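What follows is each chain in one-letter form.
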Amino acid sequence: MTTDYFENLLKKPSIFNDEQTLDLNFIPEELPHREKELTILSQLFLILITHPNSISRKILVTGRTGIGKTATVKLFGNMLIKAANKRDIEINYVHINCRKERTSYKVLIKLIHSMNKSFPKRGYSPQDLLEVLTDYLNTRDSHLLIVLDELSYLINKGADLVYALTRISDDLVNARQRISIIGIVRDISCINNLDVSTMSTLQRNILKFENYTKEQIFDIMKYRASISIKENAFSDEVIEMIAESVFKAGDIRYGLNLLWKASKFAESRNLKYVNSECVRFGNQDLVAFSTQDAIKYLSIQKLIFLLSIIKVLKKTQKSKTSISEILNLYEILCENLGWKPRSYSQLWNYLNEFEKEDIITLDVKSGDIKGRKAFIEIHDIPLTKFEDIIKVSLKSKGIRI
Ligand SMILES: Nc1ncnc2c1ncn2[C@@H]1O[C@H](COP(=O)(O)OP(=O)(O)O)[C@@H](O)[C@H]1O
Ligand SMILES: [Mg+2]
């Protein structure tokens, strides 16, 4: 008789209640230790329900990566829509990831599509689109809450749009206020690149998300485990171990992935519960999500420069390196690929960008561009693993090294 692999797998008891609840985009019903932020958001936006379209709210949410900014704002958005629907008030909530929609045009199309899916994607100027948007809102007597998540990515190319959206009905006397904005940024300094009036509008309300403490991370991970994994399949001890790693990474996404990996490992070993060895196994195999995200969006040139840094650090076995140490290898890599190396000042820009993305740390020692000396370090990821990830990413872009 042939083995029925599906039946065998289906017969096997699972450790999970619901594996999908560990997905990074899943929004749980509760967010332990973000009650304060949810309260503040609700208080600020209550007026959209008590006095619809009388005021436009604009706020800025800040805080480092992986501490629940996106999840909190989305959960708040769901609550707002529910409360509005109950009272027959029309509010549209649109959550835009500016890392994905990097131009004003893309953002505007996304906003319009939230109200009319069949609106053509091409053929309009941004100014036309703004008019279409306000027309829609007026005709429907509707309010639009726009969340510009990862706003820093829009600021360089789309500053005009941010200006226009924050201003839309300000100049009209007695006009209905139909647009509210929540901007989410990691680092507040990025808004310095906006014009003064937009900046001062956004700076009026800033909601800073503080990092979680280790105890808070424990509570959060325990809650997330209780939704996704069977009750007897994990212990406080295991959650504590996970919380320890998450605290180091500073990113809850690391914990969700670690929990998933450890549980999968337990299942593959036919264990009835996740033990500390499973967590160790999971840890060994994980790379911080912030780094993975950052790499996903880097251009080929930047990836090659980053690869040069990693290779030099690996070869010299020192904890730090400098730009002049990297140049040689970088030029060789470029030459092998038949590419022109980037200029010194462009490479400096790359380094600054890598630092902003938390991929490297940069210790600048002074001097103008040519005389400037900087030490470059990589902390979070074993170099061999890092090198592999970059090669995979390059391969996906058609480059083999
Ligand atoms: N307090 C919390 N309770 C439960 N899950 C959380 C909490 N904070 C963050 N998470 C989860 O951690 C992940 C990262 O959160 P996210 O909102 O994406 O962070 P940020 O936007 O600050 O980078 C998400 O999958 C989110 O569901
Ligand atoms: Mg986020």
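For clarity, every value in this text was computed on a predicted model and none was experimentally measured.

Novice: Would you mind going over the sheet that holds strand β4 (residues 179-185) with me for this structure?
Specialist: Remark on secondary structure: sheet strands pair via backbone hydrogen bonds, oriented parallel or antiparallel. The sheet built from 5 strands is open, its strands ordered β2-β3-β4-β1-β5 with parallel pairing. With partners counted over all chains shown, the strands left at the sheet margins are β2 (91-97) and β5 (206-208), one partner each. On average, adjacent strands in this sheet sit at an angle of 15 degrees to one another, irrespective of strand direction. Relative to strand β3 (residues 143-149), β2 is paired through 7 bridges, and the arrangement is parallel. Within β3, the residue paired with Val94 across the bridge is Ile146. Strands in contact with helix α2 (residues 35-45) are β1 (58-62), β3, β4 and β5; relative to β5, the strand with the most contacts, it is inclined by about 170 degrees.

Novice: Where do I start with the side chain of Thr166 in this structure?
Specialist: Looking at the element boundaries, Thr166 is found in helix α7 (residues 152-167). Within the structure, Thr166 has its side chain in polar contact with the backbone oxygen of Tyr163 (distance 2.8 Å). Those residues in contact with Thr166, other than ones at most four positions away along the chain, are Lys58, Ile181, Thr198 and Leu202.

Novice: Explanation requested: helix α11 (residues 252-268) in the structure shown.
Specialist: Every α-helix winds through 3.6 residues per turn, so residues three or four apart in the chain are directed the same way. Compared with the 24 Å implied by 1.5 Å per residue over 17 residues, the 24 Å span of α11 between its first and last C-alpha is a close match. Burial analysis of α11 places 13 of its 17 residues in the buried class, the great majority of the element. Where α11 begins, the capping side chain belongs to Asp251, and its oxygen is found 2.8 Å from the backbone nitrogen of Arg253. The first or second residue beyond α11 is Asn270, which carries a positive phi of 55 degrees.

Novice: Help me understand the environment of Ser125 in this model?
Specialist: Residue placement: Ser125 occurs in the loop between α5 (104-113) and α6 (126-140). Considered as a pair, Ser125 and Tyr105 are 20 residues apart in the sequence and their alpha carbons are 8.0 Å apart.

Novice: In this structure, what is going on with the pairing of β1? I would like to understand it.
Specialist: A regular strand places its side chains so that they alternate between the two faces of the sheet. Taking burial as the measure, the 5 residues of β1 include 5 buried ones, the bulk of the element. Here β1 runs beside β4; their pairing, made up of 5 bridges, is parallel. Residue pairing for β4: Leu60 is matched across the bridge by Gly183. In this structure, β1 lies alongside β5, joined through 3 bridges in parallel fashion.

Novice: How do you make sense of the side chain of Ser104 when you look at a structure like this?
Specialist: Along the chain, the position of Ser104 falls in helix α5. With residues near it in sequence (within four places) discarded, Ser104 still touches Leu154, Lys157, Gly158 and Leu161.

Novice: Looking at this structure, how should I read the site of ligand 1?
Specialist: Neighbouring residues of ligand 1: 19 residues in total, closest Pro32, Gly66, Thr70, Ala71 and Tyr212. Contact between ligand 1 and Ile67: an oxygen atom at 3.2 Å from a main-chain N or O atom of the residue. At 2.9 Å, a side-chain N or O of Arg224 approaches an oxygen atom of ligand 1. Out of a free accessible area of 560 Å², ligand 1 has 94% covered by protein chains. Elements supplying a minimum of two residues to the shell around ligand 1: α4 (69-86), α9 (214-228) and α11. Across the shell around ligand 1, the residue classes break down as 11 nonpolar, 4 polar and 4 charged.

Conventions used here
Residues numbered from 1 in each chain as written. Chains lettered and ligands numbered in written order. Predicted model: local features only at pLDDT ≥ 70, side-chain atom pairs only at ≥ 80, totals over all residues. Heavy atoms only, no water. Pairing = 2+ DSSP bridges. Helix = DSSP H or I, 4+ residues; strand = E, 2+ residues; numbered from the N terminus. Axes fitted to C-alpha atoms, helices over the stretch in contact; angles between N-to-C directions. Contact = heavy atoms within 4.5 Å. Polar contact = N/O pair within 3.5 Å; in protein donor to acceptor, adjacent residues only side chain to side chain. Expected span 1.5 Å × (residues − 1). Buried < 20%, exposed > 50% of the residue type's maximum accessible area, 1.4 Å probe, protein only. Near = heavy atom within 4 Å. Areas by Shrake-Rupley, 256 points an atom, 1.4 Å probe, with all protein chains shown as cover. Nonpolar A, V, L, I, M, F, W, Y, C, P; charged D, E, K, R; others polar.

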